[in-house]
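Chain by chain, the residues:
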Amino acid sequence: MTLAAAPTASAQLPNHVLEDIASGAVERELHRVLPFEPVRQLDRHGFGALRVPEAFGGPGLSIEELIVDVIRLAQADSNIAHLYRGHFGFVESLRFQPEEIQQTWYPRVLAGTTVGNASTEKGGNELGTLNTKLTTAADGTWRLNGEKFYSTGTIFSDYTRVSASQEEGIEGKRFAVVPTDGEGVTVHDDWDGFGQKLTGTGTTVLNDAPVESLGILRRVHGSHEAVHEAAFFQLYLLAVQVGIAHAAVRDAAETLRRRTRTFNTSASGAAFKQDPLIQQIVGKMAAKAYAAQAIVAETARAHDRALEAGFAAGTWNPEFSGELPEGVYESELAVEKAQITVPELVLSITQELFDTAGASAVLRTKALDRHWRNARTIATHNPIVFRARSVGTTRSTEPCPRASTPSAMRNPRRADDHPLQRLRHARSGSPEPWALAAPRIADRPVRPVGVLDRLSQTLERASFSSLFLADVPGVYDVYGSSHHSAARGGVQYPLLDLQVLVLSARSRHHPPGVRPHRLGDLRAALPARPPLRDPGPPHPGASRMERGDQLPGLRGPQPRNAGADPHDERYDRADEFMEVMYKLFEHSIDDDAVIADKESGVFTDPEKVRGIEHESTWFSVPGPMLTHPGPQRTPLLFQVAPPLAARRSPSTTERRSSSSTPGRRSWPSRSNPPAPS
């Protein structure tokens, strides 16, 4: 059996190795012989080490070059190419791991060690959660307990990489790498799918299996590692499908060349292999295979570019906490487009194979049906209809390529950078005490402007019908009868109010103005609003509060319907409102109150947060400011006009200062502390 020429000159696997593997493919398929010997042969030739970086002594192939060899191997036997998928995913993940883990595992891979995959569970657990647990035993060692299915390649590998949830109270998951012949690890060959029968995609049982410390790999949801590996896994399957397409074209051509009979219904009367209609079918099959390979090759190049874009920004560093460059998501969108087109091309090729021969093509001994069965099995890994909708919504809602909707909801830029997560952090400096332990959250300032803008677009693409946002009107002070615990632990304090986010979501330079109505949410929510701005460079008029806007307006029914006080008293109430606001802005929370110290577990220094204890005619405000002060500390205040009450009310006029600005009150400031109310 001969193989098609290598797609490019960069292929690393020798042709004689691939030809030897291909020669036994039908026999293994017919008698269900697991390919242990071909796998050992590939390991001896260093196939599993092709992506080890040159800096660690490896060949350092690009993703595109690796995919070339995967296609060639899949043409020889798609089962064998497929079973290495988990191994190459593991090797990709090492690029993002700490140096001590790289120094441990890269040499093992270069020596021929392979790592299988044990991530998926059959069911019974909520989406996004895992029943398999990684815990610490009494002797201090790590232990794994659980059961995995779809453990592709594990039965052929030296190790397997297991995804597991962590101990009670610890969110997120980790990967644990355990030896397949180790204590507490049992691998079953119980895969009974009608395609890809020889991939060892069965059950792995873990019963208190020990894990070495350097076999525990962290995974940050939404990190470059997570985005890259998810896209890489899909690219790998597409490459296997292209190999199947080439194998189907090869078998069609070989079957046709050997055929001596023809049909009496042939219009030309020529030999079957010389019939132009039959030749046309083979030509179309070859063209489709060529197109599928071209798509996958370009998708592989997109992966290389995406890695380069991320690494240039430092995403290779396990401590990276910056914005992921847009280029990182090129691989994700490219692979989703390819998933829409490539499986359809490959399945049509494996179907048309039977149009090139007669009934003899369905003889079991030829096993030509394996190509369709294998391609169909691989295509079921991800529902294509979801991919098509994802790409369509992305193109129709965003002008530039970005992470598409379903993937973005699963693994967006970073865990804390997902719009839903960022909203939580925008609502409070640290919504839960555990947030302090996440360096990607606490090591950078919260920049809320634009959060709702991006969130609304994300929810729209995901077909959400509505969004409800809750609020808290004060600081939690039940525990210990003080705000200290809430401030220290960052429990929804300080807040970032959503009204100003909405006002400035579409504006980068226009200063937002706040017009709070004293009859609505004045006493509770307003103290949280005025200082809230994106902490960019402050500029004159960066935010403002208009004193005149505290008034009810000229239309009498509005205040009357809300149960307002008499007309002139509203101005006195507005005056007191501004006094309260100044106390909150100037005296309630220090500039350096928020320290976000992960070591001590203190988010806000409670000693630098003080209630204003204001108690007077119109307002009772004992508590502190609900938000951290903005860059200009106190907004610029405008008085729309001298109130009529000030012109005709001696009692009011006497309370005003002799400021050159008519009607301006002598408000308290940091240099002029407020007197006790």
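Residues numbered from 1 in each chain as written. Predicted model: local features only at pLDDT ≥ 70, side-chain atom pairs only at ≥ 80, totals over all residues. Heavy atoms only, no water.

1. Some words on the overall build of the chain
- A count of helical and extended segments in the chain gives 23 helices and 15 strands.
- When burial is assessed residue by residue, the chain has 51% of its 677 residues classed as buried.
- Look at the contacts in the chain between residues 6 or more apart in sequence, and 75% of them connect residues 24 or more apart.
- Of the roughly 30,400 Å² of accessible surface on the chain, 54% is carried by carbon and sulfur atoms. (Helix = DSSP H or I, 4+ residues; strand = E, 2+ residues; numbered from the N terminus. Buried < 20%, exposed > 50% of the residue type's maximum accessible area, 1.4 Å probe, protein only. Contact = heavy atoms within 4.5 Å. Areas by Shrake-Rupley, 256 points an atom, 1.4 Å probe, with all protein chains shown as cover.)

2. Here we look at the packing of helix H9 (residues 276-312) against helix H10 (residues 330-352)
- It is the contact of H9 with H10, at a shortest axis distance of 9 Å, that shows an interaxial angle of 165 degrees. Taken together, the axes of H9 and H10 lie roughly antiparallel to each other. In the crossing of H9 with H10, the sense of the turn from one axis to the other is left-handed.
- Among the residues forming the contact of H9 with H10, the class breakdown is 15 nonpolar, five polar and four charged. (Axes fitted to C-alpha atoms, helices over the stretch in contact; angles between N-to-C directions. Parallel < 35°, antiparallel > 145°, perpendicular 65-115°, else oblique. Left-handed = near helix turned anticlockwise from the far one by under 90°. Nonpolar A, V, L, I, M, F, W, Y, C, P; charged D, E, K, R; others polar.)

3. Here's the deal with the nonpolar core
- Formed by 60 residues in total, the largest nonpolar core has its most connected members in Leu 42, Phe 47, Leu 73 and Tyr 84.
- Taken together, the elements giving at least two residues each to this core come down to helix H1 (15-23), helix H3 (36-44), helix H4 (63-76), helix H5 (78-83), helix H8 (224-258), H9, H10 and helix H11 (369-379).
- Here this core gets 14 residues from one element, more than from any other, and that element is H8.
- Setting aside chain neighbours within four positions, we find Leu 73 in contact with Leu 13, Leu 18, Ile 21, Leu 42, Phe 47, Ile 80 and Ala 81.
- Tyr 493, Met 578, Ala 593 and Leu 626 belong to the second largest nonpolar core, which has 18 residues in total. (Core = buried A, V, L, I, M, F, W, Y, C linked by side-chain atoms within 4.5 Å.)

4. Brief notes about the pairing of strand S5 (residues 173-179)
- Of the pairings in the sheet, the one linking strand S4 (residues 159-165) to S5 comprises seven bridges and is antiparallel in character. Bridge pairing links Ala 164 to Arg 174 in S5.
- Across three bridges, S5 lies against strand S8 (residues 216-218) in antiparallel orientation. Bridging across to S8, Ala 176 finds its partner in Ile 216. (Pairing = 2+ DSSP bridges.)

5. Here we look at the side chain of Thr 180
- By secondary structure assignment, the location of Thr 180 is in the loop between S5 and strand S6 (185-187).
- By relative accessible area, which is 15% here, Thr 180 ends up buried.
- Here Ser 157 takes part through its backbone oxygen, which lies 2.7 Å from a polar atom of the side chain of Thr 180.
- Here Thr 180 is in contact with Thr 154, Ser 157, Asp 158, Tyr 159, Thr 160, Val 185 and Val 187, once residues within four sequence places are set aside. (Polar contact = N/O pair within 3.5 Å; in protein donor to acceptor, adjacent residues only side chain to side chain.)

6. Here we look at the confidence of the model for the chain
- For the chain, mean pLDDT is 76; residues scoring 70 or higher make up 66% of the total.
- By mean pLDDT, the top-scoring element of the chain is H5 (98), and the lowest-scoring one is helix H13 (residues 405-410) (35).
- Low pLDDT, under 50, characterises residues 399-450; the predicted model gives this stretch 163 contacts beyond four residues in sequence or across chains.
- In this model residues 498-559 is a low-confidence stretch, pLDDT under 50, and it forms 144 contacts with partners more than four residues away in sequence or in other chains. (pLDDT = per-residue confidence, 0-100.)

7. Topic: the packing of H1 against H4
- Relative to each other, H1 and H4 sit at 35 degrees, their axes nearing to 8 Å. Residue-level contacts link Asn 15, Leu 18, Ile 21 and Ala 22 of H1 to Arg 72, Leu 73 and Ala 76 of H4.
- Considering only residue class, the contact of H1 with H4 consists of five nonpolar, one polar and one charged.

8. Let's talk about H11
- A large share of H11 lies buried, amounting to eight of its eleven residues.
- Residues Arg 370, His 371, Arg 373, Asn 374, Ala 375, Thr 377, Ile 378 and Ala 379 constitute the buried set of H11.
- On its buried face, H11 sits against helix H2 (25-31), H5, H8 and H10.

9. Looking at the pattern of salt bridges
- Under the counting rule described, the total for this entry stands at 27 salt bridges.
- The partner of Glu 183 in a salt bridge is Arg 143, and the shortest N-O contact between them spans 3.7 Å. With a gap of 40 residues between them, Glu 183 in the loop between S5 and S6 and Arg 143 in strand S3 (residues 142-148) connect regions that are remote in the sequence.
- The buried category is assigned to Arg 143, whose relative accessible area is 14%.
- With a shortest N-O distance of 3.8 Å, Glu 579 and Lys 583 are connected by a salt bridge. Of this pair, Glu 579 and Lys 583 are both found in helix H21 (residues 567-587), four residues apart, which corresponds to roughly one turn of the helix.
- Residue classification places Glu 579 among the buried residues on the basis of a relative accessible area of 17%.
- By sharing partners, the salt bridges in this structure join Glu 64, Glu 298, Arg 301, Arg 305 and Glu 330 into a single network. (Salt bridge = Lys/Arg side-chain N within 4 Å of Asp/Glu carboxyl O.)

10. Considerations on the packing of aromatic side chains
- Scanning all chains against the criterion turns up 14 aromatic pairs.
- Ring geometry for Phe 56 versus Tyr 106: centroids 4.6 Å apart, planes at 40 degrees, classification tilted. Of the two residues, Phe 56 sits in the loop between H3 and H4 while Tyr 106 sits in helix H7 (residues 99-110), which places them 50 residues apart along the sequence.
- Judged by relative accessible area, which is 0%, Tyr 106 ranks as buried.
- For the ring pair Phe 577 and Phe 619, a centre distance of 6.1 Å and an interplane angle of 55 degrees mean the geometry is tilted. You can see Phe 577 sitting in helix H21 and its partner Phe 619 sitting in the loop between strand S13 (614-615) and strand S14 (620-621), a full 42 residues away along the chain. As far as burial versus exposure is concerned, Phe 577 and Phe 619 are alike and both buried. (Phe/Tyr/Trp six-rings, centres within 6.5 Å; stacked < 30°, edge-to-face > 60°.)

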